[in-house]
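Observations on the model geometry
Read off the chains here:
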Amino acid sequence: MELLYTYETLKLEFPMSDIDKADFVILGIPFDGTTSYKPGTRFGPTLIRQATLNLESYILDYDVDIADVKIADVGDLAIVAGNPLETIKRGIETVEEIKKINPSAIPVVLGGEHSMTFAPVKALTPKSYVVFDAHLDLRESYEDNPWNHACVARRISELGIKVAEFGIRSGTKEEVEYAKNAGIPWVHARDYTVEKLKKIVKELPEPVYVSIDIDVFDLSMVPSTGTPEAGGLRFWEVIEALEWLVENKKIVGFDIMEVAGTELGDITALTAAKLLFYLIGMLSK
Ligand SMILES: [Mn+2]
């Protein structure tokens with residue numbers, strides 16, 4: 001089954017399912033056209049898939065073997081180089097195609113810069129958007145481009161979707177004011193606890209879309225990302241929050257974004273791959 005804008009790329013090491021039979025459908029969006037600092041998120045989806053080769057498919061914590069889960073991988077989106085909006089349009093259409101073929105599947109987007117998250121969110125129309133990120137991403141526009149990666153949470157909140165942000169440690173005064181006026185709760189990485197997240201997310205309407213900008217983690221774990229920031233969260237802090245989310249809220253889709261790098265075996269991709277297996281594992285147990 002072929003989708004209009006996708007092409008095959010590196011596959012995971014165990015047999016993949018067809019889209020119509022899958023519980024999860026992986027789609028890479030290898031775009032880095034508005035990246036500000038470190039380039040290379042165009043290689044993110046490939047690096048994450050390759051990094052899964054290092055992992056046991058059995059998840060100790062959940063007694064789930066990822067190799068037994070029905071996962072389809074539709075490959076990567078054919079991006080429009082340098083044009084985030086046109087690439088987003090292709091992304092929306094592709095996620096809509098996936099949902100048409102299999103309405104119960106959970107789309108899993110691998111990025112690619114964070115601007116691309118708008119595509120699955122627009123296609124899946126969740127009521128809430130929970131994001132783990134170092135950055136507020138609430139700018140009206142950045143470098144004269146409203147589709148820049150620094151604006152994605154703002155564009156999503158403008159859709160009328162409730163936004164909540166965790167692990168934040170970078171933003172402008174204007175972004176903080178916008179969050180206040182729009183009623184967007186956010187928790188600084190310094191103040192972050194899973195209990196604080198639960199308190200905020202408990203009130204959010206369902207279904208929920210979950211986005212993980214890999215830069216939410218401390219940069220010692222994720223040096224290869226578009227805009228690395230010191231002072232981030234630890235791996236198990238994020239996993240614990242995700243486990244609670246999966247148990248308490250209906251999740252319509254998730255993504256792991258901003259993985260960059262140019263070398264196989266990059267630490268950042270290894271962190272993202274482990275996170276991908278844990279997310280699929282916790283949603284399958
Ligand atoms: Mn970020």
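Residues numbered from 1 in each chain as written. Predicted model: local features only at pLDDT ≥ 70, side-chain atom pairs only at ≥ 80, totals over all residues.

**Overview of the pairing of strand β7 (residues 128-132)**
With 4 of its 5 residues buried, β7 lies for the most part within the structure. Where β7 meets strand β8 (residues 162-168), 5 bridges bridge the pair, whose relative direction is parallel. For Phe132, the partnering residue across the bridge sits in β8 and is Phe166. Of the crossover connections in this fold, the one passing from β7 over helix α4 (residues 152-157) to the parallel β8 is right-handed. In terms of strand pairing, β7 meets strand β10 (residues 208-213) through 5 bridges, oriented parallel. Residue pairing across strands places Val131 opposite Ser211, the latter belonging to β10. (Buried ≥ 20, exposed ≤ 12 C-beta atoms within 10 Å, placed from the backbone. Helix = DSSP H or I, 4+ residues; strand = E, 2+ residues; numbered from the N terminus. Pairing = 2+ DSSP bridges. Right-handed = clockwise from strand over helix to strand, strands pointing away.)

**Some words on the sheet that holds β10**
The sheet built from 9 strands is open, its strands ordered β1-β5-β2-β6-β11-β10-β7-β8-β9 with mixed pairing. Of all the strands in the sheet, the pair left with one neighbour each is β1 (6-7) and β9 (186-188). Summarising the sheet, strand β2 (residues 24-29) and strand β5 (residues 71-77) pair through 4 bridges and their orientation is parallel. Across the sheet, the residue bridging to Val25 is Ala72, located in β5.

**Details of the UniProt feature "binding site: Mn(2+)" (unreviewed entry) in the chain**
UniProt feature "binding site: Mn(2+)" (unreviewed entry): in the numbering of this structure it lies at His114, Asp133, His135, Asp137, Asp213 and Asp215. Taken along the chain, the residues just named run across 102 residues; in space they keep tight, none of their C-alpha pairs more than 12.3 Å apart. Tracing the sequence through the fold places Asp133 in the loop between β7 and α4. Here Asp133 falls in the buried class, since 29 other C-beta atoms lie within 10 Å of it. Leaving out residues up to four positions away in the same chain, Asp133 has contacts with Glu165, Gly167, Ile168, Asp213, Asp215 and Val216. (UniProt positions renumbered as here; feature names shortened; annotations may be inferred. Contact = placed C-beta atoms within 7 Å.)

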